[in-house]
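So you can see what is in the structure, the chains are spelled out below.
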Amino acid sequence: MTFPPPKTESPAPRFEEATAVARNALERLIAAANEAGWGTEEITAALLKAAQFLSDSNKRDPDPADDPSISDAPAREQIGHGELYD
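Notes on the structure follow. Please read all numbers here as calculations on a predicted model, not as lab measurements.

1. Quick notes on helix α1 (residues 11-35)
Here's step 1: A rise of 1.5 Å per residue sets the reference length of α1, with its 25 residues, at 36 Å; its end C-alpha atoms lie 36 Å apart and thus fit the reference within 8%.
Here's step 2: Listed in full, the buried residues belonging to α1 are E17, V21, A25, I30 and A33.
Here's step 3: Against α2 (40-60) lie the buried residues of α1.
Here's step 4: The first or second residue beyond α1 is G37, which carries a positive phi of 110°.

Written out as structure tokens, the structure is:
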């Protein structure tokens, strides 16, 4: 799924444009979910919950790309019990 680039930098028209683009994408997503067997109400509720989760996550950490990678973090404890597998 692709999104068109914004046509303006002015906040109010940009928000209206983003809303229209998002609604179009959601309508296609809901249609695909319906075809797969999901009900409109249940998928809409799930999308709202997922969107709220992403919004909350973005507020806590607006740029996760700046976080250190897992490989850069020091190991704190061993995972598992030292089992060996063939």
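2. Points about the layout of surface pockets
Here's step 1: Space inside the largest pocket adds up to approximately 280 Å³.
Here's step 2: F3, A22, R23, A25, L26, E27, I30, T44, L47, L48, A50 and A51 are the residues that line the largest pocket.
Here's step 3: For the lining of the largest pocket, the secondary-structure elements that each account for two or more residues are α1 and α2.
Here's step 4: For the lining of the largest pocket, the element with the most residues is α1, which contributes six residues.
Here's step 5: Across the lining of the largest pocket, the residue classes break down as nine nonpolar, one polar and two charged.

3. Let's talk about the packing of α1 against α2
Here's step 1: It is at 10 Å that the axes of α1 and α2 come closest, and there the two elements cross at 130°. Between α1 and α2, the crossing angle belongs to the class labelled oblique. Considering only the axes of α1 and α2, their crossing is right-handed. Counting all contacts with α1, which are made through L26, L29, I30, A33 and N34, the residues of α2 involved are T40, I43, T44 and L47.
Here's step 2: Residue classes in the contact of α1 with α2 are distributed as six nonpolar, three polar and no charged.

Conventions used here
- Residues numbered from 1 in each chain as written.
- Predicted model: local features only at pLDDT ≥ 70, side-chain atom pairs only at ≥ 80, totals over all residues.
- Heavy atoms only, no water.
- Helix = DSSP H or I, 4+ residues; strand = E, 2+ residues; numbered from the N terminus.
- Expected span 1.5 Å × (residues − 1).
- Buried < 20%, exposed > 50% of the residue type's maximum accessible area, 1.4 Å probe, protein only.
- Contact = heavy atoms within 4.5 Å.
- 1 Å grid on protein atoms, 1.4 Å probe; cavity = no way out; pocket = protein on both sides within 12 Å on 5 of 7 lines; lining within 4 Å.
- Points joined across faces, edges and corners; volume = space filled by probe spheres on them.
- Nonpolar A, V, L, I, M, F, W, Y, C, P; charged D, E, K, R; others polar.
- Axes fitted to C-alpha atoms, helices over the stretch in contact; angles between N-to-C directions.
- Parallel < 35°, antiparallel > 145°, perpendicular 65-115°, else oblique.
- Left-handed = near helix turned anticlockwise from the far one by under 90°.

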